[in-house]
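The chain contents come next:
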Amino acid sequence: MSSDNAAQEEAGRDVPGDGEPVWDVVVVGAGPAGASAAYAAASTGRKVLLLEKAELPRYKTCGGGIIGPTRDALPPGFELPLRDRVHAVTFSLNGKLTRTRRSKRMLFGLINRPEFDAGLVEVAKKAGAEVRTGVTVSRVEQHGSAVPDRRTVAIVLGDGQTLLARAVVGADGSAGRIGAHVGVKLDQVDLGLEAEIPVPATVAEDWAGRVLIDWGPIPGSYGWVFPKGDTLTVGVISARGEGAGTKRYLEDFIARLGLAGFEPSVSSGHLTRCRSDDSPLSRGRVLVCGDAAGLLEPWTREGISFALRSGRLAGEWAVRIAEAQDAVDARRQALNYAFAIKAGLGVEMGVGRRMLTLFERRPGLIHAAVTGFRPAWHAFAKITRGTTTLAEIVRTHPVARRVLSAMDRS
């Protein structure tokens, strides 16, 4: 286990009768959700501990697209480590009907997750959070001998050590311990496969400033090419249970692009999981956010903006829970957190589910709209820039609303 700033640990703790340290907020998982939560909580001056099982920086399977909502949710002054700025999108329908749409203004940026995540953790540290890496959390307990009082949560580590906190934020991924403790329920699981492919300068130049989105052969699937300097991030995603077909789609996709001759530096896979509508977001003094809560956009499976936004809210409400003097007040604050999530991200997820259903049934309609119908392209551009959301477009545009309503009835 490594520990940053031991002096801060000694100075920044509350010690009950048995001598164990008590943190105001302990955040489990140092991805975008966890780092955002730790930053938000530490910014209030509270004693915050951020735990991460890996050593940083570490690789994550992720396209690395930074859309407007992601950028807007970043801590003030955070400098994005952009590898490219996207001004053009090439769309194809399983390799056919290829068309490129361009924009004078940047649509979104591209980052490498190891750099991005490490940068967010540094911001949390500067705000006052202590960071410990190489730490595995076995379980959390809110009752029993390890818990000195009803205002405290015990975090039991893999090495047997117990940490105490007034509130805990779970940001340890969709298969993490904290989501299991809270009882998170998932109703959509998808498999993403990705290859990081180093390419010669001549190939990199052809992709600079342009991404490819391919609507795939498996219902609900799509592929992407995201350029990042001398490397192309190439990936595909589809529903879990289609493992062989998804692997074949990625292989065919890479071959079709003329990239099969280049050896990937990394080949990886990852399951993304969306929460059920009735899935809990808290249990006692424990909150979940980001992937640990199953919060991501169901159609595109975009998760970074959901992680940052839910992480910030979790950090803010965790501080309130830490201050709660009894279970009733803690429960009230946790319900307020859940309401804030459902009123914002929950609404977006609801529209995303409806869009995924439409896309699964009629991928050709989506392709025709975004490549041949100017308002649809403008809507895509506005969403990626962050000037509107899919939910807002459906709410304010009668045509979009009628199309989705028709699909809901079919």
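Predicted model, so just to flag it, every value in this text is computed and none were measured.

A. Broad picture of the packing of helix 10 (residues 363-372) against helix 11 (residues 374-385). For the pair helix 10 and helix 11, the least separation of the axes is 5 Å and the interaxial angle reads 90°. Considered as vectors, helix 10 and helix 11 are oriented roughly perpendicular to each other. Facing helix 10, whose interface residues are Ala-369, Val-370 and Gly-372, helix 11 presents Arg-374, Ala-376, Trp-377 and Phe-380. Residue composition of the contact of helix 10 with helix 11, by class: 5 nonpolar, 1 polar and 1 charged.

B. Summary view of helix 10. Among the residues of helix 10, Ile-366, His-367, Val-370 and Thr-371 are the ones counted as buried. All buried residues of helix 10 project into a common sector of 110° when viewed along the axis, lining one side. Turning to helix 10, the residues buried within the fold contact strand 6 (88-93), strand 7 (96-102), strand 14 (210-215), helix 9 (327-361) and helix 11.

C. Examining the environment of Ser-279 more closely. Following the sequence through the fold, Ser-279 ends up in the loop between strand 17 (266-275) and strand 18 (282-283). Sequence spacing of Ser-279 and Val-225 is 54 residues, and the spatial spacing of their C-alpha atoms is 33 Å. Aside from chain neighbours lying at most four places away, what touches Ser-279 is Gly-183, Val-184 and Lys-185.

Reading the values: the criteria
Residues numbered from 1 in each chain as written. Predicted model: local features only at pLDDT ≥ 70, side-chain atom pairs only at ≥ 80, totals over all residues. Heavy atoms only, no water. Axes fitted to C-alpha atoms, helices over the stretch in contact; angles between N-to-C directions. Helix = DSSP H or I, 4+ residues; strand = E, 2+ residues; numbered from the N terminus. Parallel < 35°, antiparallel > 145°, perpendicular 65-115°, else oblique. Contact = heavy atoms within 4.5 Å. Nonpolar A, V, L, I, M, F, W, Y, C, P; charged D, E, K, R; others polar. Buried < 20%, exposed > 50% of the residue type's maximum accessible area, 1.4 Å probe, protein only. Arc of directions from axis to C-beta.

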